[in-house]
Amino acid sequence: MKKHDLVQTLFVAALLAVQLTACAPEPDAEMSRPVIEGWIDSDGYPVVVFTASVSPSGSGGKLSRQVIRWGRVTVFDGECTEVLTGGPSDEYFPPYRYYSFEMKGVPGRTYRLTADYGDLHAEATCVMPVPTEIGSVDFSPIEGNDTLRAASLTFIAPDDCPAYYQIFIREEGKRPLPTMMGAFRADEPGATVTLPLYMPRSGLLDGPYVPQFVAGDRLQIMLCRVTGPVYDFWRAYDSAVSFGGGMLMGDSPVPTLIDGGYGVWSARGVSSVYVTVS
């Protein structure tokens, strides 16, 4: 089996959703490796999407077999271990995630994730940075278009630079997704940073990708301060999505931050605002 990473999982997820059924069998642990997309936010809770790698050119079988419903997922914060609960959610692709409301993220702590199912085992560790407050989110009209708006986000770089960021956007009723070109490194302490905002781009979208914002939409804008390796992951992911080729072919350069598997585990210092595009 070729190496597969989170990028492939995010794009294969659309196919998973089509074939997913309540009685689908669990994946064959001998033929797969764990794939993790997980995070815990400052003053937020852990969420983990736990699936198994697939090979589109392999011998086949239903993609729904790769959704792991009976895994054991834990998060250790240096003081206690929390066992996450698995359950369905329409906000996620595939529509199943592991979560807990018993552990809140605290900046400065180190969070260790473990995920097990049968012979599958994955783990990862990440330190949560201190959040950087959002200064403003601004919208401006686009000439010749009454509906779309350009957008930007402004913040003050912290004293402990370099500082690494990934911007996420959540639409109502959906999960947060990384914005296009939303990974940024701040090197100058105290500098005013203004970044252009673009809508997330996903293989799940219907029709052409539109980077601008639609007037009247209600959105959550999340400035996530992350570690250097997590920043590198999202930079590589962004390049893979932007330039497209081979997303399902096993050749993506996106690194893995998961020991024993593929994907990303991120402890994020988050500042967020809710806005109505105007």
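Only a predicted model underlies this, so the values are computations on that prediction, with no experimental measurement involved.

What counts, and where the lines are drawn
- Residues numbered from 1 in each chain as written.
- Predicted model: local features only at pLDDT ≥ 70, side-chain atom pairs only at ≥ 80, totals over all residues.
- Heavy atoms only, no water.
- Helix = DSSP H or I, 4+ residues; strand = E, 2+ residues; numbered from the N terminus.
- Buried < 20%, exposed > 50% of the residue type's maximum accessible area, 1.4 Å probe, protein only.
- Contact = heavy atoms within 4.5 Å.
- Areas by Shrake-Rupley, 256 points an atom, 1.4 Å probe, with all protein chains shown as cover.
- Polar contact = N/O pair within 3.5 Å; in protein donor to acceptor, adjacent residues only side chain to side chain.
- pLDDT = per-residue confidence, 0-100.
- 1 Å grid on protein atoms, 1.4 Å probe; cavity = no way out; pocket = protein on both sides within 12 Å on 5 of 7 lines; lining within 4 Å.
- Points joined across faces, edges and corners; volume = space filled by probe spheres on them.
- Nonpolar A, V, L, I, M, F, W, Y, C, P; charged D, E, K, R; others polar.
- Pairing = 2+ DSSP bridges.

Asks: Got a sec to walk through the overall build of the protein chain? Specific residues and values, please.
Replies: If you tally the helices and strands in the protein chain, you get two helices and 16 strands. In the protein chain, which comprises 278 residues, the proportion classed as buried is 51%. Put simply, 69% of the contacts in the protein chain that link residues at least 6 apart link residues at least 24 apart. Carbon and sulfur atoms make up 51% of the accessible area of the protein chain, which totals about 13000 Å².

Asks: Tell me about the side chain of R175, and please be specific about residues and values.
Replies: In this structure, R175 sits in the loop between β11 (163–171) and β12 (177–186). A relative accessible area of 9% means that R175 is categorised as buried. Side-chain polar atoms of R175 contact the side chain of E37, separated by 2.9 Å. Excluding anything up to four places from it in sequence, R175 contacts E37, W39, E91, Y92, I169 and R170.

Asks: With reference to specific residues and values, describe the confidence of the model for the protein chain.
Replies: Of all residues in the protein chain, 79% attain a pLDDT of 70 or more, and the chain-wide mean is 83. Mean pLDDT values over the elements of the protein chain span from 40, in helix α1 (residues 6–19), up to 98, in strand β3 (residues 72–76). The low-confidence segment residues 1–25 (pLDDT under 50) makes 67 contacts with residues lying over four places distant or belonging to another chain. Under a pLDDT of 50 for its full length, residues 245–252 has, in the predicted model, 18 contacts with residues more than four places off or in other chains.

Asks: Which residues make up empty space enclosed by the protein, and what values do they have?
Replies: All told, the structure shown has four cavities of 30 Å³ or more when counted by the stated rule. The space that makes up the second largest cavity amounts to roughly 50 Å³. Along the walls of the second largest cavity sit E37, G38, W39, F168, R175, W234, V264, S266 and R268, which together make up its complete lining. Listed by contribution, the elements that provide at least two residues to the lining of the second largest cavity are β1 (34–41) and β16 (262–276). Considering only residue class, the lining of the second largest cavity consists of four nonpolar, two polar and three charged.

Asks: If you had to explain the pairing of β11 to someone new, which residues and values would you point to?
Replies: Within β11, seven of the nine residues are buried, which leaves it mostly tucked inside the rest of the structure. In this structure, the hairpin formed by β11 and β12 is closed by a connection of five residues, where G173 is found at a positive phi of approximately 80°. Pairing of β11 with strand β15 (residues 218–226), which is carried by eight bridges, proceeds in the antiparallel orientation. Counted as the bridge partner of Q166 is C224 from β15.

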